[in-house]
2 protein chains.
Amino acid sequence: MAKNSLGREIPAVWRGRSLDPYMDPWSRQPEVLRATRPLVRCRPGDSKLLPSLRVAIEMCELKNGMNISTHHALRNGDVLLNMLVKELDVMGLRDIGIASSSVHAVNAEIIPYIRKGVITRIETGVNGLIAELVSKGELDCPIVVRSHGGRARSLATGEVEVDAAFLAAPCCDITGNLNGVYGPSACGSLGYALTDARYAKKVIAVTDNLVRFPAAPISIGQSEVDYVVQIDSLGDPNKIVSTTTRLARDPAALLIARYATEVIEASGLLKDGFSFQTGAGGTSLAVADLIHRKMAAGKIKGSFGCGGITGYFVDMLEQGYFETLFDVQCFDLKAVESLRRNPGHREISASLYANPYNRGEVVNMLDCVILGATEVDVDFNVNVNTESSGYLLHNTGGHCDAAAGAKLAIVVAPSMRGRLPIVRDAVTTITTPGETVDVIVTERGICVADKHVDLKKELLRRKLPLKDIRQFHEEITRITGVPRAVEFEDEVVALIEYRDGSIIDVVRRVRE
Amino acid sequence: MAKNSLGREIPAVWRGRSLDPYMDPWSRQPEVLRATRPLVRCRPGDSKLLPSLRVAIEMCELKNGMNISTHHALRNGDVLLNMLVKELDVMGLRDIGIASSSVHAVNAEIIPYIRKGVITRIETGVNGLIAELVSKGELDCPIVVRSHGGRARSLATGEVEVDAAFLAAPCCDITGNLNGVYGPSACGSLGYALTDARYAKKVIAVTDNLVRFPAAPISIGQSEVDYVVQIDSLGDPNKIVSTTTRLARDPAALLIARYATEVIEASGLLKDGFSFQTGAGGTSLAVADLIHRKMAAGKIKGSFGCGGITGYFVDMLEQGYFETLFDVQCFDLKAVESLRRNPGHREISASLYANPYNRGEVVNMLDCVILGATEVDVDFNVNVNTESSGYLLHNTGGHCDAAAGAKLAIVVAPSMRGRLPIVRDAVTTITTPGETVDVIVTERGICVADKHVDLKKELLRRKLPLKDIRQFHEEITRITGVPRAVEFEDEVVALIEYRDGSIIDVVRRVRE
């Protein structure tokens with residue numbers, strides 16, 4: 001057991017893996033060669049089409065102890081991972097790891113198969129019940145939470161070996177050329193799957209929409225795909241992407257959005273060439289909306305928007321406020337339609353988006369990102385993984401990636417949730433290190449990292465409620481009271497891996 | 001020394017390399033893992049921009065004995081390879097291998113540097129004087145001739161290690177995102193460079209058109225590029241692509257084109273879903289033109305055209321006779337413009353196009369390809385590398401790749417050139433094995449491989465001049481006389497590598 005540079009206790013070894021404690025966001029360097037895989041050969045006339053998932057699992061020679069992956073671009077509409085796990089069980093396979101790009105609430109269906117030993121570990125962030133049960137010690141299934149960039153890194157370095165990647169393919173031909181923009185299960189960008197297609201030992205395209213060769217556009221090409229399986233349905237279209245994403249309406253959120261917009265303006269970054277990322281949360285979208293208006297008023301021509309893409313960013317592209325959208329995942333239908341239609345709307349891989357171990361990721365070119373938080377602390381560390389209950393409930397997503405890359409990483413959050421203060425003395429779990437977070441914006445005050453002296457002056461000049469974070473912490477805590485500390489057992493049930501593979505925090509079992 | 005399956009004498013070892021004699025087009029299998037390279041890391045604010053090629057060579061830590069590469073999409077307008085070789089000399093580097101995708105006539109400028117020992121080997125096909133001098137024994141520079149697919153394979157397997165790839169980038173930003181469709185040196189598809197970007201140990205984008213981030217479209221992304229160098233000019237735009245490619249006008253060539261078109265029609269392949277490749281030679285283009293008319297007359301909707309793309313194929317795309325063009329290289333300006341504009345016109349890598357060691361190359365889906373020849377023989381073997389003089393003068397290009405992939409590989413050639421018969425008892429050099437060649441079309445007769453019984457019947461029914469190839473050989477030789485056999489020394493100056501890496505033939509020094 002050793003403390004990492006943020007003071008978190010990290011075991012030397014966990015479940016057989018030696019852990020490197022987190023040091024800082026920048027200095028860890030790749031020391032390995034890029035992961036490889038066997039080369040294979042296809043001849044003219046060879047068929048890749050297999051009759052069922054079962055046969056595909058057999059053809060991949062999947063064995064006990066191996067890892068499978070899926071991508072999560074179908075979100076809560078996805079049924080593929082559940083189908084696969086049931087099939088693994090029927091086939092008698094055990095001790096399989098899930099190395100998908102994310103596990104969503106819809107995948108709670110696999111809980112019985114975790115109990116049964118079919119699935120024994122999850123090499124990715126988990127949203128929802130599975131993670132909660134693991135936190136409570138009710139489910140024995142170690143979880144390694146990785147960011148989008150960190151997951152791409154783990155595949156590129158070979159730290160995580162995906163033995164078979166089952167890629168939901170909304171539009172696919174018999175050779176495995178595929179895309180996500182057409183078909184009943186259209187999800188838009190296949191940014192996460194692109195990384196699996198490049199590194200997985202075997203790649204199986206699973207489609208409910210087998211089209212005439214060549215499927216077009218080609219997001220993943222036939223030269224990366226081993227087999228093609230046709231199934232009735234990849235999932236529920238209504239849950240795959242939102243019909244629309246909506247901006248916040250409550251006054252507190254709108255005030256936060258207004259403050260955040262003023263911070264961006266005060267930073268001097270909002271000028272020609274501006275680049276921007278927001279998530280799909282209501283407050284983030286409200287910031288996007290206000291920035292859009294500011295750009296229109298100031299005739300500012302931005303450069304790019306990136307990350308998960310919403311209709312708000314599509315409007316900004318189509319009206320000329322962005323030249324390019326770098327899209328790793330579509331958040332709503334308007335984004336899917338735009339990816340079909342707009343040449344400036346570009347699908348990119350999770351690796352090009354955010355993998356720290358390549359020759360330059362897109363997030364490094366970001367001016368500003370708007371991020372969420374379940375908690376922040378007086379050192380600007382941010383938690384998005386656990387709730388104040390101590391339960392692991394959320395994936396990291398691109399949080400720590402975009403924070404590290406952007407010139408200005410702004411966290412927007414209400415100053416309190418229920419009776420709990422957003423600012424803590426120390427966050428329950430560190431997702432993103434304070435060193436990469438620049439500003440925290442709440443409806444009651446704005447806290448700016450010490451290094452931004454000019455920004456602080458400008459906010460004061462603009463008469464915005466700039467507050468010292470420690471004083472702000474006291475101010476909020478006076479209202480909410482000091483929250484009861486969550487008590488934990490010693491047992492570590494999950495790792496929070498920083499994007500570079502070091503361990504920034506662990507999640508311990510909650511004492512009930 | 002052992003004979004390969006086509007009877008060619010192949011040394012067991014050549015210049016330190018153990019050679020595998022060619023067996024057949026299909027059975028050789030990859031036995032290695034995909035080539036890898038070190039992972040690196042870039043931080044926000046890191047600059048990739050270097051002031052000169054010299055500094056780039058230094059940053060790559062290029063040493064004596066290493067390999068460099070360029071791509072040949074700038075064809076005879078390219079000046080980058082010449083500039084690089086001169087710089088290597090000034091820096092005192094020696095024993096460097098050229099592993100470019102092709103070496104063109106314009107590169108004859110490097111001959112003094114071969115004599116000087118700066119360049120000691122060429123790991124690719126060579127068009128022109130360098131190859132001729134090597135054939136004559138006047139230049140000591142072993143050459144390994146590889147097809148486009150074979151070269152991609154050799155990089156993917158690691159048989160050829162590119163230590164530094166210098167990629168001419170007609171449109172590039174400071175992070176290394178780049179494309180070939182904009183700028184004064186626009187060449188269109190960067191299909192060959194895509195493979196280098198994936199496998200070279202270091203990747204340097206060299207541009208005469210540094211644009212604002214992000215360069216768009218992104219053919220090669222920043223995550224693959226180590227450094228960016230800006231130079232005044234990548235070359236002569238007038239020689240980079242032809243203004244237009246033109247179809248043949250002489251009656252013999254037009255007759256050949258008409259016969260070839262009738263063969264395609266007779267084969268039954270010319271129906272909805274038809275896929276097609278031709279080169280940019282006048283006869284090939286005349287076939288494309290006739291096929292276009294047939295498709296229009298028959299309201300036939302084809303699937304795709306592939307290979308090097310010309311304006312003739314662009315017309316067919318735009319008029320709906322192809323759904324897709326798979327473009328590994330643009331042959332004329334109209335193709336470059338189309339690649340900018342038409343979503344159905346898709347840039348693909350040499351690996352996706354033709355590498356036999358991946359999960360399925362595009363050529364495997366070809367119905368028909370039209371190929372050229374300097375000689376064919378009574379076993380349908382084809383030579384495009386050497387002339388009847390015995391000199392090595394031409395690269396293989398995609399010849400053997402497309403022949404292996406297509407259902408119907410048609411060679412078009414005049415029955416004699418000057419006083420030399422096109423059909424030989426045995427070709428001087430085997431580029432493409434007869435097993436993968438289906439039909440040879442000349443203005444005096446059409447020869448069809450024995451296995452195509454139905455096609456022969458149909459050609460007879462159509463009263464086309466079907467001839468047995470041995471009888472046709474005699475017929476032509478009666479006119480031309482038996483050509484004087486070229487005499488060779490024992491010394492092997494070049495290998496003709498089949499697409500799978502086995503040695504299908506060697507080129508020996510011509511006895512002067």
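For the structure itself, consult the block above.
Structure report, in brief. On a predicted model such as this, the values are computed, not experimentally measured, just so you know.

### Observations regarding the overall build of chain A
Working step 1: Summing up its helical and strand segments, chain A has 15 helices and 29 strands in all.
Working step 2: In summary, chain A has a C-alpha radius of gyration of 22 Å against a globular reference of 24 Å for 512 residues, a match within 12%.
Working step 3: If one aligns the C-alpha atoms of chain A with their principal axes, the spans along those axes are about 70 × 55 × 40 Å.
Working step 4: For chain A, long-range pairs separated by at least 24 residues make up 71% of all intrachain contacts whose partners lie at least 6 apart in sequence.

### Observations regarding the environment of B:Glu262
Residue and element names in this part refer to chain B.
Working step 1: Examined against the element boundaries, Glu262 turns out to sit in helix H8 (residues 251–267).
Working step 2: With 28 residues separating them along the chain, Glu262 and Leu290 place their C-alpha atoms 9.5 Å apart.
Working step 3: The contact partners of Glu262, leaving out residues within four places of it in the chain, are Arg462 and Leu464.

### A look at the sheet that holds strand E25 (residues 423–424) of chain A
Residue and element names in this part refer to chain A.
Working step 1: What the three strands build is an open sheet, ordered E21-E20-E25; its pairing is mixed. Looking along the sheet, the strands with just one partner apiece sit at the ends: strand E21 (382–383) and E25.
Working step 2: In this structure, strand E20 (residues 375–377) lies alongside E21, joined through two bridges in antiparallel fashion. Of the residues in E21, the one forming a bridge with Val376 is Val382.

### Quick look at the sheet that holds strand E21 (residues 382–383) of chain B
The pairing of strands in a sheet comes from backbone hydrogen bonds and takes either a parallel or an antiparallel form.
Working step 1: Ordered by their spatial adjacency, three strands build an open sheet running E21-E20-E25 (chain B), and the pairing between neighbours is mixed. Looking at strand neighbours, the two that pair on one side only are E21 and strand E25 (423–424) of chain B, the edges of this open sheet.

### A few points about helix H9 (residues 282–298) of chain A
All names here are of chain A.
Working step 1: With 17 residues, H9 should cover 24 Å at 1.5 Å per step; its first-to-last C-alpha distance of 24 Å lies within 8% of that length.
Working step 2: Of the residues making up H9, those classed as buried are Thr283, Ser284, Leu285, Ala286, Val287, Ala288, Ile291, His292 and Met295.
Working step 3: Each element contacted by the buried residues of H9 is listed here: helix H8 (251–267), strand E15 (276–278), helix H10 (311–318), strand E19 (368–371) and strand E22 (408–412).
Working step 4: Trailing H9 by a residue or two, Lys299 shows a phi angle of about 50°, which is positive.

### Quick look at helix H11 (residues 333–341) of chain A
Working step 1: Within H11(A) the residues assigned to the buried category are A:Ala335, A:Val336, A:Ser338 and A:Leu339. Projected onto a plane normal to the axis of H11(A), the buried residues spread over an arc of 165° and lie on a single side.

Rules of the game
Residues numbered from 1 in each chain as written. Chains lettered and ligands numbered in written order. Predicted model: local features only at pLDDT ≥ 70, side-chain atom pairs only at ≥ 80, totals over all residues. Heavy atoms only, no water. Helix = DSSP H or I, 4+ residues; strand = E, 2+ residues; numbered from the N terminus. Rg over C-alpha atoms; globule rule 2.2 N^0.38 Å. Contact = heavy atoms within 4.5 Å. Pairing = 2+ DSSP bridges. Expected span 1.5 Å × (residues − 1). Buried < 20%, exposed > 50% of the residue type's maximum accessible area, 1.4 Å probe, protein only. Arc of directions from axis to C-beta.

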